[in-house]
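Okay, here's what each chain looks like letter by letter:
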Protein chains: 2
Amino acid sequence: MSEDIKNEEVVDETIDNETVTEEIVDETVESEEAPEKSELDLANERADEFENKYLRAHAEMQNIQRRANEERQSLQRYRSQDLAKKILPSLDNLERALAVEGLTEDVKKGLEMTRDSLIQALKEEGVEEVDVESFDHNLHMAVQTLPADDDHPADTIAEVFQKGYTLHDRLLRPAMVVVYN
Amino acid sequence: MSEDIKNEEVVDETIDNETVTEEIVDETVESEEAPEKSELDLANERADEFENKYLRAHAEMQNIQRRANEERQSLQRYRSQDLAKKILPSLDNLERALAVEGLTEDVKKGLEMTRDSLIQALKEEGVEEVDVESFDHNLHMAVQTLPADDDHPADTIAEVFQKGYTLHDRLLRPAMVVVYN
């Protein structure tokens, strides 16, 4: 019976006990000197103490493992973030080059192939172009506004200056747009 | 003496915890039922048992933490591996496009800019071109051999068909070369 009660006490202590090791040391020394405690009491105290420590270590181990797993998953998911971000200007350059008038058929084909393989590589890693259907301040940056009218209601996008991209649910860079307002 | 050693181990430990294990309760009951052992023996056994469990849990915790750190570092270091590998064909395309005769000055500049920004992005993530000074089977793949002679000793590289790249100490793809043999 008293065993059960001790175990319950251990659990409560455990919850808000952080370090304070000095305390434990002192207690042990005191107990040894205190004449009124029996050898059995001391042995039981030692048993309770290590049980408590064991339980805490076990719980912490599980926490560490859980956190490590979460971190690993996040690192995997967003691993391409830095390189992808740095590649976007190359993609912009390619698209600008393709917009130049009077390219020969050969050059145009080469540029298109390069652009497409770049977009494909990014896509496979989870990078997608930001949708520009209607203005969304989470995904777009308004670099210029035009007065809205009957044909162009507020939040209609008039022009995209630079494409935006996401990596899974993260924004790599917003789309730079002109918006009716 | 053994008390001192135990107390020192206690100092390393920090923790907050929630949990109780069924296991422990069962064991306690069992020990209480053994008739030939004194209550003190049993209490001491229980203490030793939890001390051992605690020490093992503590050691395992440190192992888990160390492994998680190592894994995190490796994931970080090679995080760009997949995207980098997929980008290499785009870089090849750009270099092939640049080798075409009769490009206008504008197109040539645009292509060079794109190529350079791509190489720069890769370099910042740890990607480097494989050196082709002398044949190295760890870094090069011989797609053709030519007979070695006085002017071209064995292992001299005659031509590079496709550039190779490393990410830190890892080979992303070998250089495809013609080698004297």
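Values in this document were obtained by computation on a predicted structure and should not be read as measured data.

Participant: Help me get a handle on the pairing of strand β6 (residues 175-180) of chain B, residues and values and all.
Facilitator: All names here are of chain B. β6 sits mainly inside the fold: five of its six residues count as buried. Taken together, the six bridges between strand β2 (residues 140-146) and β6 define a ladder with parallel strand orientation. Bridging across to β6, His140 finds its partner in Ala175. As paired elements, strand β3 (residues 157-162) and β6 share four bridges and run antiparallel to each other. The partner of Glu159 across the bridge, within β6, is Val178.

Participant: Describe helix α4 (residues 81-99) of chain B, and please don't skip the residues or the numbers.
Facilitator: Along an α-helix, residues three or four apart share an orientation, since each turn contains 3.6 residues. Between the first and last C-alpha of α4(B) there are 27 Å, a value that for 19 residues agrees with the 27 Å anticipated at 1.5 Å per step. The axis of α4(B) is deflected most strongly, by about 25°, at Ile87(B), and proline Pro89(B) appears within four residues downstream.

Participant: Talk me through the packing of aromatic side chains; I want residue IDs and the actual numbers.
Facilitator: With the rule as written, the count across this model stands at two aromatic pairs over all chains. Geometrically, the ring pair formed by Phe50(A) and Tyr54(B) is tilted, given 6.2 Å between the ring centres and 40° between the ring planes. With Phe50(A) in helix α3 (residues 39-77) and Tyr54(B) in helix α3 (residues 39-77), this pair bridges two chains. There is no split in this pair, since Phe50(A) and Tyr54(B) are both buried. Above the face of the Tyr78(A) ring, Arg170(A) is positioned so that its terminal group lies 3.5 Å from the ring centre.

Participant: Tell me about the domain arrangement of chain A, and please be specific about residues and values.
Facilitator: All names here are of chain A. Annotation of chain A at the domain level lists domain 1 (43-78) and domain 2 (79-180). Look at where the C-alpha atoms of domain 1 and domain 2 centre, and you get two points 46 Å apart. Of the residues lining the interface, five residues belong to domain 1; the matching set on domain 2 comes to seven residues. Here domain 1 packs against domain 2, burying approximately 570 Å² in sum over the two surfaces, 41% of which is carbon and sulfur. On the domain 1 side of the contact with domain 2, Gln76, Arg77 and Tyr78 bury the most area, a combined 93% of that side's loss. The tally of links between domain 1 and domain 2 comes to one salt bridge. Close ionic contact of Asp169 with Arg77 constitutes a salt bridge, the shortest N to O distance being 3.9 Å. Counting across the interface, domain 1 meets domain 2 through six residue pairs in polar contact (both at pLDDT 80 or more). Across the side of domain 1 that touches domain 2, the residue classes break down as two nonpolar, two polar and one charged.

Scoring rules and cut-offs
- For every chain, the first residue of its written sequence is number 1, and the numbers climb from 1 along that sequence.
- As they are written, the chains are lettered A onward and the ligands numbered 1 onward, keeping that order.
- Given that the model is predicted, a residue must reach a pLDDT of at least 70 before its local features are reported, and side-chain atom pairs must reach 80 or more before they are shown or counted; all residues, however, enter totals for whole chains, interfaces and linings.
- Based on all heavy atoms of the structure, the side-chain values leave hydrogens and waters out of the count.
- Remark: exposure states derive from per-residue accessible area (1.4 Å probe, protein chains only) relative to the maximum for the residue type, with buried under 20%, exposed over 50%, and partly exposed in between.
- A run of H or I in DSSP counts as a helix once it spans at least four residues, and a run of E counts as a strand once it spans at least two, with each numbered from the N terminus.
- Criterion used throughout: strands pair if DSSP finds at least two bridges between them.
- For a helix, the expected span equals 1.5 Å multiplied by the residue count minus one.
- The bend at a residue is defined as the angle formed between two axes, one fitted to the seven residues ending at that residue and one fitted to the seven starting there.
- Aromatic pairs are defined between Phe, Tyr and Trp rings, using the six-membered ring for Trp, whenever the two ring centres lie within 6.5 Å; interplanar angles under 30 degrees are classed as stacked, those over 60 as edge-to-face, and all others as tilted.
- Whether a charge sits over a ring comes down to the Lys NZ or Arg CZ being within 6 Å of the ring centre and within 35 degrees of the ring normal.
- Domain ranges listed in this record stem from an automatic or a database domain assignment.
- Pairs of residues are marked as contacts when any of their non-hydrogen atoms sit within 4.5 Å.
- As used here, buried area is the combined drop in accessible area, with a 1.4 Å probe, of two parts when they are placed together.
- Definition used for salt bridges: Asp or Glu carboxyl oxygen within 4 Å of a side-chain nitrogen of Lys or Arg.
- The definition of a polar contact used here is a pair of N or O atoms within 3.5 Å, where within protein one atom must be able to donate a hydrogen and the other to accept one, and adjacent residues in sequence count solely through side-chain atom pairs.
- Just so you know the grouping, Ala, Val, Leu, Ile, Met, Phe, Trp, Tyr, Cys and Pro go in nonpolar, Asp, Glu, Lys and Arg go in charged, and all remaining residues, Gly too, go in polar.

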